[in-house]
Amino acid sequence: MRQKTGMAVLAVLMAVLVAQALVPAGASAEPMKLTYANFPPAPTFPCVQMERWKTEVEKRTNGAVAVQTFPGGTLLGAKDMMDGVIAGTADIGCLCMAYQPGRFIITNATSLPLGIPNALVGSKVLWDLFNKYKPESFAKVKVLTMFVSAPSNIMSRVPVRNAKDIEGLALRASGGAAVILKAWGANAVGMPMSATPEALQKGTVKGLFSSLEVMKDFKFAELCKYVTMTDTVIYPFAVVMNMDKWKALSPDVQKVLEALGPEQAGWTGEYMDGHVQESVEWSKKDQKVEFIELSAQEKAAWDKKLQFITDKWIEDAKGKGIPAEAIVEDIKASMAKYAK
Ligand code: DTR
């Protein structure tokens with residue numbers, strides 16, 4: 001009898017051990033919960049990439065991590081993102097670096113008018129640049145990924161066909177894009193994308209300068225019946241994590257997140273480029289938006305007005321002890337590499 005009980009106890013013990021061995025690496029009964037803040041509304045591309053990241057992380061860590069997402073500025077707003085993550089208000093945050101040009105000088109060099117052709121190339125260029133220079137501005141956080149929007153074009157309520165049409169026109173842009181609009185003579189009004197729908201509605205601005213997927217995602221095509229193609233400048237983004245939270249993750253989970261960094265950059269770039277195409281088709285067909293191509297002569301004149309921007313950026317950045325020329329050369333070289 002006693003022997004039988006002993007056998008039963010042993011059997012139970014064995015079963016427990018086997019069950020434990022079957023639990024996938026990194027998984028535990030209670031998943032590590034992470035909050036992830038984002039500033040624009042859920043259907044827009046920064047949030048689409050956030051949901052994709054959440055799905056992949058939960059899958060690849062076998063449920064050891066659970067990500068709770070907060071789109072639409074419900075946890076942190078566009079300009080509070082970096083400090084909010086450092087303070088731990090959110091564990092993870094997605095920020096548009098272009099909204100704080102003085103804070104992210106090195107990575108914002110990708111928004112100089114250097115001709116980044118699309119979001120896929122731009123995202124890879126930005127990721128490489130970040131990893132090469134590891135800017136001080138990110139020292140207090142763990143950077144999970146970076147990506148860029150597609151090149152910017154002018155969306156407006158009035159047609160912009162030449163230099164005269166843009167003179168003094170109130171158009172919304174931020175960071176490097178605002179510098180470009182000013183150089184063309186527009187009245188560049190700075191604000192994050194999340195504030196733009198209201199400004200357009202109220203008429204504070206007559207249009208905006210951004211990637212064209214917003215025509216569909218924010219329904220800007222209902223108000224902006226004109227697009228002037230300039231394909232000029234991208235806006236860089238970063239996804240950052242609170243450093244203490246990062247350190248509290250197991251090495252297995254950290255490995256998963258690190259491997260996802262460059263992959264997520266490429267995924268987002270590709271998604272963005274494809275979505276821009278859909279938005280353009282929808283704007284033309286459903287919304288009867290007129291797409292304006294500048295004449296070759298006009299385009300050359302517009303490009304010429306931007307020539308001083310990179311030189312001035314180099315001079316200013318050098319004054320701050322930043323290896324500015326090398327950074328611009330690096331961007332050009334990796335652009336050429338990835339554009340192939
Ligand atoms: N072009 C930048 C970034 C951007 C592009 N699309 C979206 C959608 C939602 C938020 C930001 C962005 C900008 O104009 O702000």
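In this text the structure is predicted, and so the values were computed from the model without any measurement. (Residues numbered from 1 in each chain as written. Predicted model: local features only at pLDDT ≥ 70, side-chain atom pairs only at ≥ 80, totals over all residues. Heavy atoms only, no water.)

Novice: Any chance you could explain the environment of glutamine 287 here in plain terms?
Specialist: Mapping glutamine 287 onto the fold places it in the loop between helix H10 (251-285) and strand E11 (290-293). For glutamine 287, a relative accessible area of 15% puts it in the buried group. Excluding anything up to four places from it in sequence, glutamine 287 contacts Ala221, Glu222, Lys225 and Trp282. (Helix = DSSP H or I, 4+ residues; strand = E, 2+ residues; numbered from the N terminus. Buried < 20%, exposed > 50% of the residue type's maximum accessible area, 1.4 Å probe, protein only. Contact = heavy atoms within 4.5 Å.)

Novice: Sorry, what's going on with the packing of aromatic side chains here?
Specialist: For any pair of aromatic rings, the description rests on two quantities: the centre-to-centre distance and the angle between the ring planes. Enumeration according to the criterion identifies 13 aromatic pairs in this entry. Seen in terms of ring centroids, phenylalanine 39 and tyrosine 99 are 5.5 Å apart; in terms of plane orientation they differ by 75°. Their pairing is edge-to-face. A residue pair is termed long-range when its members are at least 10 positions apart, and phenylalanine 39 in the loop between strand E1 (32-37) and helix H2 (45-60) and tyrosine 99 in the loop between strand E3 (92-96) and helix H4 (119-133) qualify at 60 residues. For phenylalanine 39, a relative accessible area of 4% puts it in the buried group. Its relative accessible area of 9% is what places tyrosine 99 among the buried residues. Ring centres 6.1 Å apart and planes at 35° place the aromatic pair tryptophan 127 and phenylalanine 130 in the tilted group. Residue tryptophan 127 and its partner phenylalanine 130 are both found in helix H4; the two are separated by three residues, about one turn of the helix. Residue class for tryptophan 127 comes out buried when judged on its relative accessible area of 14%. Residue classification places phenylalanine 130 among the buried residues on the basis of a relative accessible area of 6%. (Phe/Tyr/Trp six-rings, centres within 6.5 Å; stacked < 30°, edge-to-face > 60°.)

Novice: Even after reading the chapter, I still don't get the site of the ligand, so can you show me in this structure?
Specialist: By nearness alone, 16 residues border the ligand, and Tyr99, Arg172, Ser210, Glu213 and Tyr235 come closest of all. Glutamate 213 is positioned with one of its side-chain polar atoms (N or O) 2.6 Å from a nitrogen atom of the ligand. Relative to its unbound accessible area of 350 Å², the ligand is 100% covered by the protein chains. Looking at the shell around the ligand, its residues break down into 10 nonpolar, four polar and two charged. Taken domain by domain, the shell around the ligand gets at least three of its residues from each of domain 1 (26-150 + 234-275) and domain 2 (153-233 + 283-306). (Near = heavy atom within 4 Å. Polar contact = N/O pair within 3.5 Å; in protein donor to acceptor, adjacent residues only side chain to side chain. Areas by Shrake-Rupley, 256 points an atom, 1.4 Å probe, with all protein chains shown as cover. Nonpolar A, V, L, I, M, F, W, Y, C, P; charged D, E, K, R; others polar. Domains from an automatic or database assignment.)

Novice: I tried to follow the domain arrangement of the protein on my own but got confused; where do I start?
Specialist: How large an interface is tends to be reported as the accessible area lost when its parts come together. Domain boundaries assigned for the protein yield domain 1 (26-150 + 234-275) and domain 2 (153-233 + 283-306). Each of domain 1 and domain 2 has a C-alpha centre, and the two are 27 Å apart. Contacts between the two partners involve 19 residues from domain 1, matched on the other side by 19 residues from domain 2. Across the interface of domain 1 and domain 2, roughly 1500 Å² is buried in total on both sides, 62% from carbon and sulfur atoms. Ranking the residues of domain 1 by area buried against domain 2 places Pro113, Tyr235 and His275 at the top, with a combined share of 34%. Linking domain 1 with domain 2 are zero salt bridges. (Buried area = accessible area lost by both parts, 1.4 Å probe. Salt bridge = Lys/Arg side-chain N within 4 Å of Asp/Glu carboxyl O.)

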